[in-house]
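Structural overview for review
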Amino acid sequence: MLDEHVREAIPERIRGLWELAQNLWWTWHPQARRLFRALDYQAWRETTHNPVLMLQIIRPERFQEVAHDPEFLALYDQVMAEFQEYLARPPLELPGPVAYFCAEFGVHVSLPIYAGGLGILAGDTLKEASDIALPMVGVGLIYSQGYTTQRLREDGWPEDLHRTLDHRDHPLQLAKTPEGSPLVFEIPAFTPSVRAQVYVAKIGRVPLFLLTTDVEGNTPWDRAISQQLYTTDLEQRLRQEWVLGVGGMRALEMLGIRPAVLHLNEGHPAFALLERLRQFMGQGLSFEEALERARKTTVFTTHTPLPVATDVFPFALLDRYLGPYCQEHGLPREAILELGTNPTDPGAGFNMTVFALRLSQHVNAVSKRHGEVARRIWQGIKFNDENVKIEAITNGIHLFTWIEPLRVQRLLDKYLGPAWRKNPENPEIWQRVEEIPDEELWAVHQERKEALIAELVARARKRWREGAFAKNVLAFGSLLDPHVLTLGFARRFTAYKRPDLILSDPERLKRLVNDPLRPIQIIFAGKAHPADIEGKRLIQKVFQLAGDPAFAGRIAFVEEYDQHLARFLVAGVDVWVNTPLPPLEASGTSGMKASVNGVPNLSVLDGWWPEGYTGENGWAFGGEEHHGERNPQDAEALYRLLEEKIVPLYYERGPDGIPHGFVRIMKAAIRTVAPRFCTRRMLREYLEKFYLPALGAEKEGI
Ligand SMILES: *Cc1c(COP(=O)(O)O)cnc(C)c1O
């Protein structure tokens, strides 16, 4: 949150920087990124690309310099014109915005309120809504202590250092009521009362409203409601979801926003439906009518293929909040409790997913395969004697965020023209990827790989200076070689993702990494949930191999996997590896990010990959679901693909030194994945299948 005095310190000629810094629009517009880099490259790096912080630390003389630099001013004027034009585009006409609720949003590294894939998807969705001028508002929470830094001990055990989020350092502003005062309000049904403050982050044209109870005047227990993402204490978790759902809807009402459609991204925000019912009943509808109307206009996206991973709250616990709430607003408590009861386990309590399933007419899973699984696990859920229908809308990624901007986007501009930016869904435009000369694509890729390794070495050097152990510094990737076939494995460390599958035969792996002519190297990164001990053990296991001289420094574990590191990795390794246990990867998106940068996916046929794999754009194995031990068989398939297909292809060079066979697969990866797995396609599906029918509206001119 930038103070006015920061604004005053910027010379008037370039004062628009203040505005620009506070709208995350700049994050996916390469010229705007260039502008901040040019403003002060050192500050840009030191703040890990955080213009809000940059504007606070830049020397006044530097502002004066750039304010008189014709080159800077030309770029500034161009960016500001583009920014204004973007914001001025007329929106799609809907009776009201889509309110998109999620427990986490991964928009940019400078707004650290996300844990992983769910948040990144939510962030990408808001950016896409902004790009197509779909009226949308996001609603989530700020986690003031949820911001952790991963540090590996000497023995490889990961520790999470807690940091406190200071609003002044992030692109946040106070949300204001229509009367212009900052919004502070009491969370419904909490006694004694708990106050929430609302901030807004601007994602292009889309406002993202973020609630926090970590405000002065609340007790420490109440302040802690929104301090940590997915807090493990059951009652605190319930209160967190209540603040998100009930508090979030109440906040929109007080801000004068009336959503036409409610989109619940995963079950956490499902209490928003209570407020929706209250509002409709307040307009004179009966409970049954309100229920009908809420169902018709609610979209629910389920993300987990595991029923045990859904939030279930004991009835008595929920009743502490639901009881008073229903009493105050005349809602039928028993009927609501029943709507959240899972018929296959009625005693367990109130199930957030079951509640959302019953109250949403428009439900989807996040890949076709996940659709099959979700229909199977939720087949007993009925509303008015009818089975809840679950469709599949496969996730996508926001291409302008994930295609590396400095080199890869420029290469696409050169060979595909501006068409790919306007019309990313059109496969014919992507066909032109074939026209990129092999040597040019290879040179660009090789440069991204060198940039990745340079970044890892710089990080290792920094940690060495900070006093990290020598072995750790080596294990962080100091010995990586840009000429070696490089595999990347970066994601949340948890058992079902099987990060150690590729380590399961250490002798075989040793032969692969130590091959004198055709070696491989592997870069791992990822955090484990603080409570996931097994996940932490897996990190330690990888780290131990990384520090073992027998693996020659060719296995690295990089600390602090976040969106910033992810961008380097998905463009800089040669092959992206994914080895989840089917069918537990609902979708997965990191393989999409890699593919669109020309980094082919090597994955178990799970999540999005059965839809994405064409036989020529990457490698696939082991999709069937079966019970019992399957690791040896999957590991065998993985090693064989590496030994027999990938390694030979990568090292088979033409007289020009370029692996033309491998480049063919890189091109196929870009060409086939970009048009189908982008958020443009995904959001259009949501619009056509769900949002417009929910509004009883027709598709017009998009
Ligand atoms: C994309 C992304 C994820 C999700 O990747 P999966 O393939 O779903 O595991 C998680 N974390 C970060 C930082 C990401 O960028």
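Residues numbered from 1 in each chain as written. Predicted model: local features only at pLDDT ≥ 70, side-chain atom pairs only at ≥ 80, totals over all residues. Heavy atoms only, no water.

1. Some remarks on the overall build of the chain
Going by this rule: Secondary structure follows DSSP: runs of H or I at least 4 residues long count as helices, runs of E at least 2 residues long count as strands, and numbering of each begins at the N terminus. In this description the radius of gyration comes from C-alpha coordinates, and the expected globular size is given by 2.2 Å times residues to the power 0.38. Each residue is assigned to one of three classes by its accessible area relative to the maximum for its type, calculated with a 1.4 Å probe on protein chains only: buried under 20%, partly exposed between the two thresholds, exposed over 50%. In this analysis, two residues are considered to be in contact whenever any of their non-hydrogen atoms come within 4.5 Å of each other. Every accessible area reported is derived by Shrake-Rupley at a probe size of 1.4 Å, with residue values counting cover from the shown protein chains alone.
For the chain, the count of helices and strands is 30 helices and 22 strands. Rg of the C-alpha trace for the chain: 25 Å, near the compact-globule value of 27 Å for 702 residues, within the 12% margin. Principal-axis analysis of the C-alpha atoms places the extent of the chain at approximately 80 × 70 × 55 Å. Sorting the 702 residues of the chain into buried and exposed places 63% on the buried side. Put simply, of all contacts in the chain between residues at least 6 apart along the chain, 73% involve residues at least 24 apart. Surface accessibility of the chain: about 26,500 Å² in total, with carbon and sulfur atoms responsible for 51%.

2. Description of the site of the ligand
Short version of the rule: Only heavy atoms are used to decide nearness, and a residue is near a molecule or strand if one of them lies within 4 Å of it. In the analysis that follows, any N or O atom pair within 3.5 Å is treated as a polar contact, provided that within protein one partner can donate a hydrogen and the other can accept it, and provided that, for residues neighboring in sequence, both atoms belong to side chains. In this classification, Asp, Glu, Lys and Arg are treated as charged, Ala, Val, Leu, Ile, Met, Phe, Trp, Tyr, Cys and Pro as nonpolar, and every other residue, Gly included, as polar. Note that the domain bounds reflect an automated or database-derived domain assignment.
As a matter of local geometry, the ligand sits amid 14 residues, with Trp402, Lys497, Thr589, Ser590 and Lys593 nearest to it. Residue lysine 593 places a side-chain N or O atom 2.6 Å away from an oxygen atom belonging to the ligand. Looking at the shell around the ligand, the elements with two or more residues in it are α8 (117-131), α25 (563-572) and α26 (590-596). Looking at the shell around the ligand, its residues break down into four nonpolar, six polar and four charged. Two domains share the shell around the ligand, each providing at least three of its residues, namely domain 2 (98-395 + 683-700) and domain 3 (399-422 + 435-677).

3. Points about the environment of methionine 592
The residue methionine 592 is located in helix α26 in this model. Under the relative-accessibility criterion, methionine 592 is labelled buried at 0%. A sequence separation of 285 residues divides methionine 592 from proline 307, and the C-alpha atoms of the two residues are 26 Å apart. Once residues within four sequence positions are removed from consideration, methionine 592 is found in contact with Asn395, Gly396, Ile397, Ser587, Trp608, Val673 and Phe677.

4. Notes on the domain arrangement of the chain
Stated formally: What gets called buried area is simply the loss in accessible area from a 1.4 Å probe that two parts show on being joined, summed for both.
When the domains of the chain are assigned, the result is domain 1 (2-88), domain 2 (98-395 + 683-700) and domain 3 (399-422 + 435-677). On a C-alpha basis, the centres of domain 1 and domain 2 stand 34 Å from each other. Facing the 18 residues of domain 1 at the interface are 18 residues of domain 2. Summed over both sides, the interface of domain 1 with domain 2 buries roughly 1,500 Å², with 54% coming from carbon and sulfur. Mapped by element, the contributors of at least two residues to the side of domain 1 that touches domain 2 are α5 (51-57) and α7 (70-88).

5. Quick look at the sheet that holds strand β18 (residues 520-525)
Selection criterion: Following DSSP output, two strands are said to pair if at least two bridges run between them. Lines fitted to the C-alpha atoms define the axes, with helices restricted to the stretch that makes contact. Angles between their N-to-C directions range from 0 to 180 degrees.
Pairing within the open sheet is parallel, and its six strands lie in the order β19-β18-β17-β20-β21-β22. Of all the strands in the sheet, just β19 (555-558) and β22 (618-621) have a single pairing partner and so form its edges. Neighbour-to-neighbour, the strand axes of this sheet turn through a mean angle of 20°, independent of strand direction. In the sheet, β18 pairs with β19 via four bridges, with the strands oriented parallel. Bridge pairing in β19 links isoleucine 523 to alanine 556. Along the sheet face, helix α24 (residues 533-546) touches β18 and β19 and points at about 135° away from the line of β19.

6. Observations regarding α8
This is how it is decided: Multiply 1.5 Å by the residue count of a helix minus one, and that product is the helix's expected span.
Over its 15 residues, α8 extends 21 Å from the first C-alpha to the last, a length consistent with the 21 Å expected when each residue adds 1.5 Å. Burial analysis of α8 places 14 of its 15 residues in the buried class, which makes it a mostly covered element.

7. Structural notes on the pattern of salt bridges
Two side chains that carry opposite charge are able to pair once their charged atoms sit near each other. Test applied: Throughout this description, the term salt bridge denotes a Lys or Arg side-chain nitrogen within 4 Å of a carboxyl oxygen of Asp or Glu.
Within the structure shown, the criterion is met by 52 salt bridges. The salt bridge partner of aspartate 500 is lysine 541, with a shortest N-O separation of 2.9 Å. Placement of aspartate 500 in the loop between β17 (485-490) and α23 (506-514) and of lysine 541 in helix α24 is noted, with a sequence separation of 41 residues between them. For lysine 541, a relative accessible area of 38% puts it in the partly exposed group. For glutamate 560, the salt bridge is made with lysine 527, and the minimal N-O distance between the two is 3.4 Å. Here lysine 527 lies in the loop between β18 and α24 and glutamate 560 lies in the loop between β19 and α25, a separation of 33 residues in the sequence.

8. Regarding the packing of aromatic side chains
Selection criterion: In this analysis, rings of Phe, Tyr and Trp, with Trp reduced to its six-membered ring, are considered paired at centre separations within 6.5 Å, and the interplanar angle assigns stacked below 30 degrees, edge-to-face beyond 60, and tilted for intermediate values.
As enumerated under the stated definition, the model contains 28 aromatic pairs in all. An angle of 70° between the planes, with centres 5.6 Å apart, marks the rings of tryptophan 26 and phenylalanine 36 as edge-to-face. With a gap of 10 residues between them, tryptophan 26 in the loop between α2 (16-21) and α3 (30-39) and phenylalanine 36 in helix α3 connect regions that are remote in the sequence. Centre to centre, the rings of tryptophan 28 and tyrosine 86 are 6.4 Å apart; their planes meet at 75°, and the pair counts as edge-to-face. On the criterion of sequence distance, the pair formed by tryptophan 28 in the loop between α2 and α3 and tyrosine 86 in helix α7 is long-range, its members being 58 residues apart. Side by side, tryptophan 28 and tyrosine 86 carry an identical accessibility label, which is buried.

9. Points about the confidence of the model for the chain
In plain terms, the rule: A residue's pLDDT is the predictor's confidence in that residue, given on a scale from 0 to 100.
Residues of the chain with pLDDT of at least 70 account for 99%, and the chain-wide mean is 95. Counting interchain partners and residues more than four positions distant, the pLDDT-below-50 stretch residues 698-702 has five contacts.

10. Structural notes on the pairing of β19
What counts is decided by this rule: Call a crossover right-handed when, viewed with both strands pointing away from you, the route from the first strand across the helix to the second goes clockwise.
Where burial is concerned, the two faces of β19 agree: the one with Ile555 and Phe557 and the one with Ala556 and Val558 are both buried. Since β18 and β19 lie parallel, the crossover through α24 that links them has a hand, and here it is right-handed.

11. Concerning the environment of proline 182
Residue position: proline 182 is located in the loop between β5 (173-174) and β6 (184-186). Judged by relative accessible area, which is 41%, proline 182 ranks as partly exposed. Between the alpha carbons of proline 182 and glutamine 197 there is a distance of 8.1 Å; along the sequence they are 15 residues apart. Here proline 182 is in contact with Leu174, Ala175, Lys176 and Gln197, once residues within four sequence places are set aside.

12. Describing the side chain of threonine 125
With respect to the secondary-structure elements, threonine 125 resides in helix α8. For threonine 125, a relative accessible area of 2% translates into the label buried.

13. Some points on the side chain of serine 595
Mapped onto the secondary structure, serine 595 falls in helix α26. Apart from residues no more than four positions distant in its own chain, serine 595 is found in contact with Asn601, Trp608, Ala669, Ile670 and Val673.

14. Considering the packing of α23 against helix α28 (residues 631-651)
Condition: In these notes the angle categories are as follows: under 35 degrees is roughly parallel, over 145 is roughly antiparallel, 65 to 115 is roughly perpendicular, and the rest is oblique. For any helix crossing, the convention is left-handed if the near helix is rotated counterclockwise from the far helix by under a right angle, and right-handed if that rotation is clockwise.
Between α23 and α28, the least distance of the axes is 11 Å, while the angle of their chain directions is 20°. By the angle class used here, α23 and α28 are roughly parallel. For α23 against α28, the interelement crossing comes out left-handed. Here Arg508, Leu509 and Leu512 of α23 come into contact with α28, specifically with Glu636, Tyr639, Arg640, Leu642, Glu643 and Val647. Residue classes in the contact of α23 with α28 are distributed as five nonpolar, no polar and four charged.

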